[in-house]
Amino acid sequence: MKAIFVCTHGNAAKELIHSAEMICGIQENTSFVSFDEGESAENLQTKIIAEVGKLDLAGGILFLTDLKGGTPFNVLVRLLANYRQTELVTGVNIPLLLEVFLGRATFTLAELAKQATDTGKLGIYHYVTPVEEVEEDF
């Protein structure tokens, strides 16, 4: 089973996983690290390496993060070369995470990353309240 690893600013990673698991059940081979305020990139890297080391990477690992160009993203980009099969997707949200959890047994790692990206985009929706048309009498 492919490993899923989420790294975000603050506690978002932990809470996103928890919220997705409320919908689709507890997930194995899944972990996270939070990037805390005032923390150095070097310390974050140490935490990521330690936590990823607890996962089964035989099927590869999908890294998910919140923001392209942020410290979690930059650290993960530097670490990608340390692992054999990897994909990295930014913009993690609950629809994306659900897709990953439900599809990781079916899709290849590259397909899973593509599916996650597509689903994450589709999960963003702007609801507009319908406006009633009023007939004016003249």
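Because the structure is predicted, anything quoted here is derived from the model rather than measured. (Residues numbered from 1 in each chain as written. Predicted model: local features only at pLDDT ≥ 70, side-chain atom pairs only at ≥ 80, totals over all residues. Heavy atoms only, no water.)

## Describing the packing of helix H1 (residues 12–24) against helix H4 (residues 94–103)
The angle between the axes and the distance between the axes are what describe a pair of packed helices.
Line of reasoning, step 1. H4 packs onto H1 with a crossing angle of 60° between their chain directions and a minimal axis gap of 9 Å. The angle between the axes of H1 and H4 places the two elements in the oblique class. Regarding H1 and H4, the two cross each other, and that crossing is right-handed. On H4, the residues that touch Leu16, Ile17, Ser19, Ala20, Glu21, Ile23 and Cys24 of H1 are Ile94, Leu97, Leu98, Phe101 and Leu102.
Line of reasoning, step 2. Broken down by class, the residue content of the contact of H1 with H4 amounts to ten nonpolar, one polar and one charged. (Axes fitted to C-alpha atoms, helices over the stretch in contact; angles between N-to-C directions. Helix = DSSP H or I, 4+ residues; strand = E, 2+ residues; numbered from the N terminus. Parallel < 35°, antiparallel > 145°, perpendicular 65-115°, else oblique. Left-handed = near helix turned anticlockwise from the far one by under 90°. Contact = heavy atoms within 4.5 Å. Nonpolar A, V, L, I, M, F, W, Y, C, P; charged D, E, K, R; others polar.)

## Some points on the side chain of threonine 8
Line of reasoning, step 1. Among the structural elements, threonine 8 can be located in strand E1 (residues 3–9).
Line of reasoning, step 2. A polar contact is formed between the side chain of threonine 8 and the backbone nitrogen of alanine 13, at a distance of 2.7 Å.
Line of reasoning, step 3. Discounting residues that sit within four places of it in the chain, threonine 8 has contacts with Ala13, Val33, Ser34, Phe35, Asp66, Pro72 and Val92. (Polar contact = N/O pair within 3.5 Å; in protein donor to acceptor, adjacent residues only side chain to side chain.)

## Some thoughts on H4
Line of reasoning, step 1. Within the span of H4, buried status applies to Leu96, Leu97, Leu98, Val100, Phe101 and Gly103.
Line of reasoning, step 2. At the N-terminal end of H4, a side-chain oxygen is found 2.9 Å from the backbone nitrogen of leucine 96, two or three residues along, and the residue is asparagine 93. (Buried < 20%, exposed > 50% of the residue type's maximum accessible area, 1.4 Å probe, protein only.)

## Brief notes about the environment of valine 52
Line of reasoning, step 1. By the element assignment, valine 52 lies in helix H2 (residues 41–52).
Line of reasoning, step 2. The sequence separation of valine 52 and alanine 105 amounts to 53 residues, and the corresponding C-alpha distance is 19 Å.

## As for the nonpolar core
Line of reasoning, step 1. Ile4, Val6, Leu62, Leu64, Leu96, Leu97 and Val100 are the most contacted members of the largest nonpolar core, which totals 19 residues.
Line of reasoning, step 2. Elements represented by at least two residues in this core include exactly E1, H1, strand E3 (61–65), H4 and helix H5 (109–122).
Line of reasoning, step 3. Ranked by the residues each element gives to this core, the list is headed by H4, at five residues.
Line of reasoning, step 4. Leave out the neighbours within four places in its chain, and leucine 96 touches Leu64, Val89, Gly91, Ala116, Thr119 and Gly120.
Line of reasoning, step 5. Counting 15 residues, the second-largest nonpolar core is a separate cluster that includes Ile48, Leu55, Ile61 and Leu76. (Core = buried A, V, L, I, M, F, W, Y, C linked by side-chain atoms within 4.5 Å.)

## Description of H1
Side chains three or four residues apart in an α-helix point the same way, a direct result of the helix having 3.6 residues per turn.
Line of reasoning, step 1. A rise of 1.5 Å per residue sets the reference length of H1, with its 13 residues, at 18 Å; its end C-alpha atoms lie 18 Å apart and thus fit the reference within 8%.
Line of reasoning, step 2. Residues of H1 that are buried include every one of Ala13, Leu16, Ile17, Ala20 and Glu21, and no others. For H1, the angular spread of the buried residues around the axis is 130°, confining them to a single face.
Line of reasoning, step 3. Packed against the buried residues of H1 are E1, strand E2 (30–35) and H4.
Line of reasoning, step 4. Directly after H1, the chain includes glycine 25, whose backbone phi takes a positive value near 95°. (Expected span 1.5 Å × (residues − 1). Arc of directions from axis to C-beta.)

## Details of the pattern of salt bridges
A pair can form between side chains of opposite charge whenever their charged atoms are brought close.
Line of reasoning, step 1. Taken as a whole and assessed by the stated rule, the structure comprises four salt bridges.
Line of reasoning, step 2. The salt bridge involving lysine 47 is made with glutamate 39; its shortest N-O contact spans 3.0 Å.
Line of reasoning, step 3. Here glutamate 39 falls in the buried class, since its relative accessible area comes to 15%.
Line of reasoning, step 4. Among the salt bridges present, the one from lysine 114 reaches aspartate 118, with a minimum N-O distance of 2.8 Å. With lysine 114 and aspartate 118 both in helix H5 and four residues apart, the pair spans about one turn of that helix.
Line of reasoning, step 5. For lysine 114, a relative accessible area of 52% puts it in the exposed group. (Salt bridge = Lys/Arg side-chain N within 4 Å of Asp/Glu carboxyl O.)

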